[in-house]
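# Examination of the molecular architecture
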Amino acid sequence: MALRNAILRHLRVPVQSLGLNQSQIGFLGSIRSFSSHDDHLSREAVVDRVLDVVKSFPKVDPSKVTPEVHFQNDLGLDSLDTVEIVMAIEEEFKLEIPDKEADKIDSCSLAIEYVYNHPMSS
């Protein structure tokens, strides 16, 4: 018990009051801050970054990549390659795309739409 108290005494950080009462704080004491995504990505930024991800994929000819390109039909990628591209897009935009949604993304245009419309893309 003495050892525990000695350890806790060194780990505790004293809390100091600012000495303000509720009338001095005013209405600021009742404000809750919420996260807002006013810094949402522009469509052009999403297009550029998605195209960069696809162009950097080893099996892709960068000259064939456009915002409308289909991964399998136009680029000749297989389903595993498509999964890898979607994972790279998740990493690029710090997103987690659910499997049901990821299975639907088979072109740059669908990837762009998904990322642009996702509230947490960054």
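Everything quoted here is computed from the prediction, not taken from an experiment.

### Notes on the side chain of His 118
- Mapped onto the secondary structure, His 118 falls in the segment after α6 (108-117).
- Of the polar contacts made by the side chain of His 118, one reaches the backbone nitrogen of Met 120; its length is 3.0 Å.
- Excluding anything up to four places from it in sequence, His 118 contacts His 40 and Leu 95.

### A closer look at the environment of Ser 121
- Secondary-structure assignment places Ser 121 in the segment after α6.
- Given the relative accessible area of 4%, Ser 121 is considered buried.
- C-alpha separation for the pair Ser 121 and Lys 94, spaced 27 residues apart in sequence, amounts to 6.5 Å.
- Sequence-distant contacts of Ser 121, defined by excluding residues within four places in its chain, comprise His 40, Leu 41, Phe 93, Leu 95 and Val 115.

### A few points about unusual backbone geometry
- With a phi angle near 55°, Lys 94 is a residue other than glycine that sits in the positive phi range.
- Within the secondary structure layout, Lys 94 lies in the loop between α4 (79-93) and α5 (99-102).

### Here's the deal with the nonpolar core
- Core analysis: the biggest nonpolar cluster contains 27 residues, and Val 50, Val 54, Val 65, Phe 71, Leu 75, Ile 89 and Phe 93 have the highest contact counts within it.
- A per-element tally of this core places helix α3 (residues 43-55) first, with 6 residues.
- Residues in contact with Val 54, not counting those within four places in the same chain, are Val 60, Val 65, Phe 71, Leu 75, Ile 85 and Cys 108.

### What to know about the packing of α3 against α6
- Axis separation between α3 and α6 bottoms out at 9 Å; the angle between their running directions is 135°. Our classification of the angle between α3 and α6 gives oblique. In this structure, α3 meets α6 at a crossing whose hand is right-handed. Packed against α3, whose contacting residues are Arg 43, Val 46, Val 47, Val 50, Leu 51 and Val 54, the element α6 presents Cys 108, Ala 111, Ile 112, Glu 113, Val 115 and Tyr 116 at the interface.
- When its residues are assigned to classes, the contact of α3 with α6 shows 10 nonpolar, no polar and 2 charged.

### Topic: the confidence of the model for the protein
- When pLDDT is averaged along the protein, the result is 81, and 68% of the positions lie at 70 or above.
- Mean pLDDT values for the elements of the protein range from 51 in helix α2 (residues 22-25) up to 96 in α3.
- In this model residues 27-37 is a low-confidence stretch, pLDDT under 50, and it forms 2 contacts with partners more than four residues away in sequence or in other chains.

### Some remarks on the pattern of salt bridges
- Tallying each qualifying case throughout the model produces 4 salt bridges.
- We note a salt bridge from Arg 49 to Glu 92, for which the minimum N-O separation is 2.8 Å. You can see Arg 49 sitting in helix α3 and its partner Glu 92 sitting in helix α4, a full 43 residues away along the chain.
- Owing to a relative accessible area of 32%, Glu 92 belongs among the partly exposed residues under this scheme.
- Taking the shortest distance from any N to any O, the salt bridge between Lys 59 and Asp 81 comes out at 3.1 Å. Taken together, the residues Lys 59 in the loop between α3 and α4 and Asp 81 in helix α4 connect sequence positions 22 residues apart.
- The exposure class of Asp 81 is buried, given its relative accessible area of 4%.

Criteria and thresholds
- Residues numbered from 1 in each chain as written.
- Predicted model: local features only at pLDDT ≥ 70, side-chain atom pairs only at ≥ 80, totals over all residues.
- Heavy atoms only, no water.
- Helix = DSSP H or I, 4+ residues; strand = E, 2+ residues; numbered from the N terminus.
- Polar contact = N/O pair within 3.5 Å; in protein donor to acceptor, adjacent residues only side chain to side chain.
- Contact = heavy atoms within 4.5 Å.
- Buried < 20%, exposed > 50% of the residue type's maximum accessible area, 1.4 Å probe, protein only.
- Core = buried A, V, L, I, M, F, W, Y, C linked by side-chain atoms within 4.5 Å.
- Axes fitted to C-alpha atoms, helices over the stretch in contact; angles between N-to-C directions.
- Parallel < 35°, antiparallel > 145°, perpendicular 65-115°, else oblique.
- Left-handed = near helix turned anticlockwise from the far one by under 90°.
- Nonpolar A, V, L, I, M, F, W, Y, C, P; charged D, E, K, R; others polar.
- pLDDT = per-residue confidence, 0-100.
- Salt bridge = Lys/Arg side-chain N within 4 Å of Asp/Glu carboxyl O.

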